[in-house]
Each structure stands twice: as C-alpha cells, then as structure tokens.
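# A closer look at the structure
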Amino acid sequence: MASPFAALHRPGQPFLLPNAWDVVSAALLVDAGFPAVGTTSLGVAASAGLPDAASATRTQTLALARRLARLPALVTVDIEAGFSHDPGQVAALVAELHDYGVVGINIEDGRGDTLAPADVQTRLIATVRSAVPDIFINARTDAYWLRHDRPFPETLTRVAAYRDAGADGVFVPGVRDPAEIEAVVRVADRPVNVLADRPLPELAALGVARVSCGSLLYRHAVQAAVAVARALAAGQAPPTAGPSYADVTRLLGAAD
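Residues numbered from 1 in each chain as written. Predicted model: local features only at pLDDT ≥ 70, side-chain atom pairs only at ≥ 80, totals over all residues. Heavy atoms only, no water.

## Examining the packing of helix α2 (residues 23-31) against helix α11 (residues 245-253)
A pair of packed helices is captured by two measures, namely the crossing angle of their axes and the spacing between those axes. Note the threshold: Orientation is described by lines fitted to C-alpha atoms, with helices fitted over the stretch in contact, and by angles between N-to-C directions that extend from 0 to 180 degrees. Elements are defined by DSSP. Helices are runs of H or I of four residues or more, strands are runs of E of two residues or more, and each kind is numbered from the N terminus. Orientation categories follow fixed angle ranges, with anything under 35 degrees roughly parallel, anything over 145 roughly antiparallel, 65 to 115 roughly perpendicular, and all other angles oblique. The contact rule is simple, with two residues in contact once any of their heavy atoms fall within 4.5 Å. In this classification, the charged set is Asp, Glu, Lys and Arg, the nonpolar set is Ala, Val, Leu, Ile, Met, Phe, Trp, Tyr, Cys and Pro, and all remaining amino acids, among them Gly, are polar.
It is at 9 Å that the axes of α2 and α11 come closest, and there the two elements cross at 95 degrees. With respect to α11, the axis of α2 lies roughly perpendicular. Together, Val23, Val24, Ala27, Leu28 and Asp31 of α2 and Val248, Arg250, Leu251 and Leu252 of α11 make up the contact between the two elements. Residues of the contact of α2 with α11, tallied by class, amount to seven nonpolar, no polar and two charged.

Laid out in structure tokens, this is it:
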C-alpha cells in the first residue's frame, strides 16, 4: 500500500510542494492547508550564512528536520548530495531523518559544478533504499542546471538508472521543453517532479506528478522584506498584510 506521501504523487494531477527554510515558514504553509512541506537547501544555507550545495549544512538540516517533523504535515527534506561521499554515512543520515518522522528526501547528483558519475549516484541511491525502505527517495539530476553539453539524453539515462536503483520519484530541475518533459515521464515510469516555472495545468497535461517551489518562496520572502523596509524609509505607511505577532508565536508552538 502506498504511503500517504507517495499517494500525493499522481501523474497528470500534480500537487504543489512548497519549500520552507525555517520553522515559522513551514508552520505558516501547514496552517495555509498544504498537506506536505519540503525544505529548500538554498534557504536553509542562506539563513545560516553558508553556501548551498557545498555539504556545509548537515547540522542545520538535521536540526530543522527534527522540528518540522513535529508539525501536522508530511515533511520531505532536501539533503543536497547527502553531506558525505560515503554511501553508508548518507544512509545513516536518512535513517536518522526517518526516525524523526520525515517521510521523504531529495538527493541530487550535482557535485559543485559537475555531475557525479552515474554509477556512483546509482550506488548511493541503492544503499539508501536498502537501509531505509520506507522513505520516499526523490532522485534529482542536475544535467540541465549544470549545463551538460547534452542535457536531455543525459537526463534520460540517469532517470532510468535512478529508477532501477530504487528511487520512488525523479526530479529534473531546469527542464522546460514540453516534449522533453513528456519523454522524461515516459522513461521514468515513476512520479516526475519539476520546478514551478509554469502553471500547474500545463504541467499536469505533460504527466508531471509533483511541482516544487524550490527556493522561490525564500527568495520572494527576502525580496518582500527589503521592499517593506524601503517603503518605510521612504515615508510610506506600514503595511498591514502578513501574519500577526500572535499568529507567528501560536504557530511556533505547534513545532515544540
């Protein structure tokens, strides 16, 4: 029987996964009615003043996951490339997340500005799958983001390999061409995840099962904060929109 989180992944009827960067952003999203929340590695890293995709935020990711797992929602965590070159250590990290109550992970094949060898990433996925059979593994390939010279065929090769290694779903950030998305869906034979860079109905028609916000919400939040500060400095009245102090403290209590 599919887990509640896996059941959200319905090809052709994608659900939107909002990505949080701290406890209050996640709590607000849950309060808004989203049944599942992910984390954004960029938001987590930037909030801590650390680089993204550099294996620098293992401690922060675990601490945040432990708090988010207490919320009344399904939580999936972006673990970058696993914060280790040792598949056994990555599997142990995922097992710890699962013990907290995390239902899914996102694990990528990007290593800085290059892609990990496909066989290395396949072995990593298989190790995690064997160690933590009940967690949803969303295997991400960065062939488009890292500007591989042939991103489409490279993506198809990796999607098939990650599927066969035990991934429950595949994530292809950067793919935009409708025909290429449809091809990924056919080859994957697993739920396909893309970024929210076009309306959900368009992605539904292509067979997508999950649409992630990635760092979009974080980037808009910090942009909005700067805009409010500038407006106040320019003599404008304080905005009335947004959660109140009481709302924020109430929601934080849900993660205690």
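There is more to say after this.
## Quick notes on the packing of helix α7 (residues 151-165) against helix α8 (residues 178-188)
Which entries qualify depends on this criterion: Left-handed describes a crossing whose near helix is turned anticlockwise from the far helix by less than a right angle; the clockwise case is right-handed.
For the pair α7 and α8, interaxial distance at closest approach is 9 Å and the crossing angle is 25 degrees. On the basis of the axis angle, α7 is roughly parallel to α8. Seen from above, α7 lies across α8 with right-handed handedness. Residue-level contacts link Phe152, Thr155, Leu156, Val159, Ala160 and Arg163 of α7 to Glu180, Ala183, Val184, Val187 and Ala188 of α8. In the contact of α7 with α8, the residues fall into eight nonpolar, one polar and two charged.

## A word on the environment of Thr40
As for its placement among the helices and strands, Thr40 is situated in the loop between β3 (36-39) and α3 (41-47). Separated by 39 residues in the primary sequence, Thr40 and Ile79 place their C-alpha atoms 9.1 Å from one another. Sequence-distant contacts of Thr40, that is, excluding residues within four places in its chain, are made with Asn19, Ala20, Trp21, Gly214 and Ser215.

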